[in-house]
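Architecture at a glance
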Amino acid sequence: MGGSPRPKVDGGIPNQLARVTDAAITLEKDGYAGGWTAETSHDPFLPLLLAAEHTSRLELGTNIAVAFARNPMIVANIGWDVQAYSKGRFILGLGTQIQPHIEKRFSMPWSHPARRMREFVSALHAIWSAWQDGTKLRFEGDFYTHKIMTPMFTPEPQPYSPPKVFLAAVGEAMTEMCGEVADGHLGHPMVSKRYLDEVTMPALLRGMQRSGRDRNKFEVSCEVLIATGETDAELAVATTAVRKQIAFYGSTPAYRKVLELHGWGDLHTELHRLSLAGEWDTMGSLIDDEALAAFAVVGPVDTVAAALRDRCEGVVDRVLPIFLTAFQVCIKSALNEFRW
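This text gives an overview of the structure that appears in the document. (Residues numbered from 1 in each chain as written. Predicted model: local features only at pLDDT ≥ 70, side-chain atom pairs only at ≥ 80, totals over all residues. Heavy atoms only, no water.)

**Thoughts on the overall build of the chain**
Looking only at helices and strands, the chain features 14 helices and twelve strands. For 340 residues, the compact-globule estimate of 2.2 N^0.38 gives 20 Å, and the C-alpha radius of gyration of the chain, at 20 Å, lies within 12% of that figure. Reported as C-alpha extents along the three principal axes, the dimensions of the chain are approximately 65 × 45 × 40 Å. Taking all 340 residues of the chain together, the buried fraction comes to 51%. Averaging the coordinates of the 34 positive side-chain charges in the chain and doing the same for the 40 negative ones gives two points 5 Å apart. (Helix = DSSP H or I, 4+ residues; strand = E, 2+ residues; numbered from the N terminus. Rg over C-alpha atoms; globule rule 2.2 N^0.38 Å. Buried < 20%, exposed > 50% of the residue type's maximum accessible area, 1.4 Å probe, protein only. Lys, Arg positive; Asp, Glu negative; His and termini not counted. Charge placed at Lys NZ, Arg CZ, Asp CG, Glu CD.)

Right, dumping it as structure tokens:
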């Protein structure tokens, strides 16, 4: 399917500003290709300025920044500045979030998410073109309108191209649109290898074909949950944590279709019921070994690199391993084999 012979391995950058510098320096020193922030309890852009200041090679991205909590002009401005400060190393990763959060947490409008996101990306490119090439800004869409750009509000020129835009997508409509207009796809941990092969990649390729784009110029990224340890006890703790995380994701209606592909639609129904009752520990116990293997790499440290490679090679261009326990340090040497 045109993926890299050996995927890039990325790492996470914490959002707490006091921890960013050491984490970014460590990722670059250890040979990681990129470092990503997430929009959870802190802003996802501010840490990347610190990371850019203290690294020289590491690609830096948001995975994700919530697009619909902002407007294209605000995001274009932030993206332009981070791209300039990082000397061309920034990747703007955007996602929609879900309707209740957009309306009730961010107090912003929600409608037609795939159409709105397509327009958001188009508006970004129109704004960046106005700044980079002097193109007259005349963007008029169904959701966003940008028609004023005077010299006072035009940022200084920079020698780098505008940031690459990656989009998070799970459903077919959003994924196909991602293949059509974005530079890369951000996969969710709650996506199995089978879903990636049978749903995600065909949708991305349809989108690329529609816009006449080359697969080799598009990056497919995925996050993979890892449960490992140097002892049986460590592995057991990590596996329990991963089961709970899969159960949490599986209780969300957005991932029902992923479970249904495997014939596990009833599992989503039960997980959702238990989540409403706050039965989080019980939920984890419903993730059997088959479901665990579908959504995670599980095993002793010396098996992780090979299993992760088998899961990604030939399809995925970059992978972000996710560890939910304190045993991350023990897999550094194992991942060296995967990276190099």
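That shown, we press on.
**Here's the deal with the nonpolar core**
By size, the foremost hydrophobic cluster in this structure holds 93 residues, and its most contacted members are Leu92, Leu94, Met117, Leu124, Leu167 and Ile246. Considering each element in turn, this core owes the most residues, nine residues, to helix H5 (residues 113–133). Among residues more than four places away in sequence, those in contact with leucine 92 are Phe45, Thr62, Val75, Leu124, Trp128, Pro163, Lys164, Val165 and Phe166. (Core = buried A, V, L, I, M, F, W, Y, C linked by side-chain atoms within 4.5 Å. Contact = heavy atoms within 4.5 Å.)

**A closer look at the pairing of strand S8 (residues 164–168)**
Looking at chain direction, strand S5 (residues 90–95) and S8 are connected through four bridges and run parallel. Considered in S8, the bridge of glycine 93 is made with phenylalanine 166. Sheet topology places S8 next to strand S9 (residues 184–186); three bridges connect them, and they run parallel. Bridging across to S9, phenylalanine 166 finds its partner in glycine 184. (Pairing = 2+ DSSP bridges.)

**Let's talk about helix H10 (residues 265–276)**
In this model, H10 (twelve residues) spans 17 Å end to end at C-alpha, consistent with the 16 Å of a helix rising 1.5 Å per residue. Along H10, the residues classified as buried are Gly265, Leu267, His268, Leu271, Leu274 and Ser275. Against the buried residues of H10 lie helix H8 (232–250), helix H9 (256–261) and helix H11 (280–285). (Expected span 1.5 Å × (residues − 1).)

**Describing the pairing of S5**
Across a regular strand the side chains alternate sides, sitting on one face of the sheet and then on the other. Among the six residues that make up S5, six are buried, leaving the element largely enclosed by the rest of the structure. Covered by surrounding structure in S5 are Phe90, Leu92 and Leu94 together with Ile91, Gly93 and Gly95, the residues of both alternating faces. Pairing geometry for strand S4 (residues 65–66) and S5, over two bridges, is parallel. Bridging from a neighbouring strand, valine 66 pairs with glycine 95 of S5.

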